[in-house]
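# A closer look at the structure
Below are the chains, spelled out letter by letter.
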Amino acid sequence: QVQLVESGGGLVQAGGSLRLSCAASGRTFSSYAMAWFRQAPGKEREFVAAISWSGGNTYYADSVKGRFTISRDNAKNTVYLQMNSLKPEDTAVYYCAARMPRLGANIMGVMAYSYWGQGTQVTVSS
């Protein structure tokens, strides 16, 4: 069992940066693969980025590749999402998610993740 709490959202102008944090409870954080998803009003929740349990592998949606960076600090039980060159279309509620690694899992699919945070709002103004 793991509980996730996101922070770091806010209002930023286009071209600006934000860093989201996701703090996890529990002593087994390093066992979980982690991800960020986002959901804009009227749209389905979509994959943003994922990171393996060790941090050695990262994955990104094409829409954020080159602008966003996911990282984790297992000693602090925290995963981060550094967001640069933000665009108005990045506006959404951002969610942190955790899953136990499993061969064949679709890491970009919401169904692969067992635990979710409450979300943090990111608004990018033009």
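### Let's talk about unusual backbone geometry
We note that Asn77 has phi near 55°; this positive angle belongs to a residue other than glycine. For Asn77, the location among the structural elements is in the loop between β7 (68-73) and β8 (78-83).

### Some details on the packing of aromatic side chains
Enumeration over the complete set of coordinates arrives at 5 aromatic pairs. When the centroid spacing of 6.2 Å and the interplanar angle of 65° are considered together, the rings of Tyr113 and Trp116 count as edge-to-face. Judged by relative accessible area, Tyr113 falls into the buried class, the value being 6%. By way of ring pairs, the aromatic residues Phe37, Phe47, Tyr113 and Trp116 are connected into one cluster. Lying over the aromatic face of Tyr95, Arg45 brings its terminal NZ or CZ to 3.7 Å of the ring centre.

### Considering the environment of Val110
Assignment of secondary structure puts Val110 in the loop between β9 (92-99) and β10 (115-116). Judged by relative accessible area, which is 32%, Val110 ranks as partly exposed. The spatial distance from the C-alpha of Val110 to the C-alpha of Arg45 is 7.7 Å, given a sequence separation of 65 residues. In this structure, Val110 is in contact with Phe37, Arg45 and Trp116, ignoring residues within four places of it in sequence.

### Points about the state of the cysteines
In total, this model carries 1 disulfide according to the counting rule given. Disulfide partner of Cys22: Cys96, at an S-S distance of 2.1 Å. Because the sign of the S-S torsion sets the handedness, a value of about -80° for the bond joining Cys22 and Cys96 places this disulfide among the left-handed ones. Of this pair, Cys22 sits in strand β3 (residues 18-24) while Cys96 is found in strand β9, placing the two residues 74 residues apart along the sequence.

### Let's talk about the pattern of salt bridges
On inspection of all chains with the given rule, the structure shows 4 salt bridges. In this structure, Arg38 engages Asp90 in a salt bridge whose closest nitrogen and oxygen atoms are separated by 2.9 Å. You can see Arg38 sitting in strand β4 (residues 33-39) and its partner Asp90 sitting in the loop between β8 and β9, a full 52 residues away along the chain. On the accessibility criterion, Arg38 (6% relative accessible area) is buried. Since its relative accessible area comes to 1%, Asp90 is described here as buried.

Rules used in this analysis
- Residues numbered from 1 in each chain as written.
- Predicted model: local features only at pLDDT ≥ 70, side-chain atom pairs only at ≥ 80, totals over all residues.
- Heavy atoms only, no water.
- Helix = DSSP H or I, 4+ residues; strand = E, 2+ residues; numbered from the N terminus.
- Phe/Tyr/Trp six-rings, centres within 6.5 Å; stacked < 30°, edge-to-face > 60°.
- Buried < 20%, exposed > 50% of the residue type's maximum accessible area, 1.4 Å probe, protein only.
- Lys NZ or Arg CZ within 6 Å of the ring centre and 35° of its normal.
- Contact = heavy atoms within 4.5 Å.
- Disulfide = S-S within 2.5 Å.
- Salt bridge = Lys/Arg side-chain N within 4 Å of Asp/Glu carboxyl O.

From the geometry alone we can't say anything about function, so treat these as descriptive.
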